[in-house]
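Descriptive analysis of the structure
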Amino acid sequence: ETTLDAVVMYDAVEQGYLAGVALRDAIVAAGKELSGTIYYGNLPYIHPNAQTREAGFKSAFEGDDIEFVMLTGETPEEFYAGMESYIMSDPDMLGAWGLFSAATWGMYQAIQASGEEILLSSVDCDTVILQGIKDGGILGSTCYAPTEGLRLATMTMIKMLNGETVPGITYQSNRFLDASNVEELFEIYHPGESLE
């Protein structure tokens, strides 16, 4: 049996919620009613990060007349195929959301290939996602920096070794990156790199 004294983690409910609020706001800003279908990409199995992100995302639309349709897969190719099919069958979809990077990237590419203007938000900070934000095809993405988690975990261990009391859970920050801040904040998530 293993016991833990402290853990560093992120709030996955908040990640989904931030992405949901951004998509909801964009739908309203586009002059559309909050009534219709939103498609989202998820894993084909139960995963705690997926379940909590999904709960947070859906809570952003509480009280709205939204039908959520889930696409499942693990690769961008699977999400491309699923999204391509849904774009053809539902050209009036309200928007889309990628719960993790492979879902976002596959859905993004399908939207780009279709020529349709479909609002898409995301969770995850892969370079291709942040480039898609800069290029205008992705509204934005909830990001968390692995380097921040490592820094917080190291600080927690040092405090414990020095006999200090530490919290049982330390949350690293979630930030929503969009066109207004993606270039400025990019290096937080990809040190030493830059967007093209």
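Our structure's up above, just so we're on the same page.
This report concerns the structure included in the present document. Note that this is a predicted model, so its numbers are computed, not measured. Residue numbers restart at each chain and count upward from 1, following the sequence in its written direction. Selection of residues for local features in this predicted model requires a pLDDT of at least 70, selection of side-chain atom pairs for listing and counting requires 80 or more, and totals for whole chains, interfaces and linings are taken over all residues. Here the side-chain values reflect all heavy atoms present in the structure, with hydrogen atoms and water set aside.

1. Topic: the side chain of Gln172
With respect to the helices and strands, the residue Gln172 is situated in the loop between strand E7 (169–171) and strand E8 (175–178). Polar contact is defined as a pair of N or O atoms within 3.5 Å, subject to the rule that within protein one atom must be able to donate a hydrogen and the other to accept it, and that residues adjacent in sequence are counted only when both atoms are side-chain atoms. At 3.0 Å, the side chain of Gln172 forms a polar contact with the backbone oxygen of Ala145. Secondary structure counts use DSSP, requiring at least four H or I residues in a row for a helix and at least two E residues in a row for a strand, with both numbered from the N terminus.

2. Quick notes on the nonpolar core
Side-chain atoms within 4.5 Å link the members of a nonpolar core, which is a set of buried Ala, Val, Leu, Ile, Met, Phe, Trp, Tyr and Cys residues. For every residue, the accessible area obtained with a 1.4 Å probe (protein chains only) is divided by the maximum for its type, and the residue is called buried under 20%, exposed over 50%, and partly exposed between those limits. With 50 residues, the main nonpolar core has Ile27, Ile38, Phe61, Met83, Met107 and Leu130 as its most contacted residues. If you tally residues by element for this core, the top one is helix H4 (residues 101–114), at six residues. The contact rule is simple, with two residues in contact once any of their heavy atoms fall within 4.5 Å. Apart from residues no more than four positions distant in its own chain, Leu130 is found in contact with Cys125, Cys143, Leu177, Val182, Phe186, His190 and Leu195.

3. Here we look at the layout of surface pockets
Grid points spaced at 1 Å over the protein atoms alone were grouped into cavities, where a 1.4 Å probe fits but cannot get out, and pockets, open sets with protein on both sides within 12 Å along at least five of seven lines, with lining residues defined by an atom within 4 Å of a point. Grid points are joined across faces, edges and corners, and a volume is the space filled by probe spheres set on the points. If you add up the space inside the largest pocket, you get close to 220 Å³. Lining the largest pocket we find 13 residues, and of these Glu117, Ile118, Leu119, Gly136 and Gly137 sit closest to its centre. Here the lining of the largest pocket is built from residues that sort into seven nonpolar, three polar and three charged. Amino acid classes used here: Ala, Val, Leu, Ile, Met, Phe, Trp, Tyr, Cys and Pro are nonpolar; Asp, Glu, Lys and Arg are charged; the rest, including Gly, are polar.

4. Points about the pattern of salt bridges
By definition, a salt bridge exists where a carboxyl oxygen of Asp or Glu is found within 4 Å of a side-chain nitrogen of Lys or Arg. Per the counting criterion, the structure on display carries four salt bridges. The partner of Asp64 in a salt bridge is Arg24, and the shortest N-O contact between them spans 2.8 Å. Here the residue Asp64 occupies a position in the loop between helix H2 (48–59) and strand E3 (65–72), and Arg24 occupies one in helix H1 (residues 12–29), the gap between them amounting to 40 residues. Since its relative accessible area comes to 26%, Arg24 is described here as partly exposed.

5. Observations concerning unusual backbone geometry
With phi around 120 degrees, Asp124 is a residue other than glycine that occupies positive phi space. The buried category is assigned to Asp124, whose relative accessible area is 9%.

6. A few points about a nonpolar patch on the surface
Taken together, the side chains of Leu4, Val7, Met9, Ile169 and Tyr171 present a nonpolar region at the surface, about 470 Å² in accessible area. For the nonpolar patch, the secondary-structure elements that each account for two or more residues are strand E1 (7–9) and E7. Of note, Val7 is situated in strand E1. Residue class for Val7 comes out partly exposed when judged on its relative accessible area of 31%. Candidate patch residues must exceed 30% relative accessible area and have no salt bridge, after which like charges are joined if within 9 Å and Val, Leu, Ile, Met, Phe, Trp or Tyr side chains if within 5 Å. Per-residue and other accessible areas follow the Shrake-Rupley method at a 1.4 Å probe size, with only the shown protein chains counted as cover for residues.

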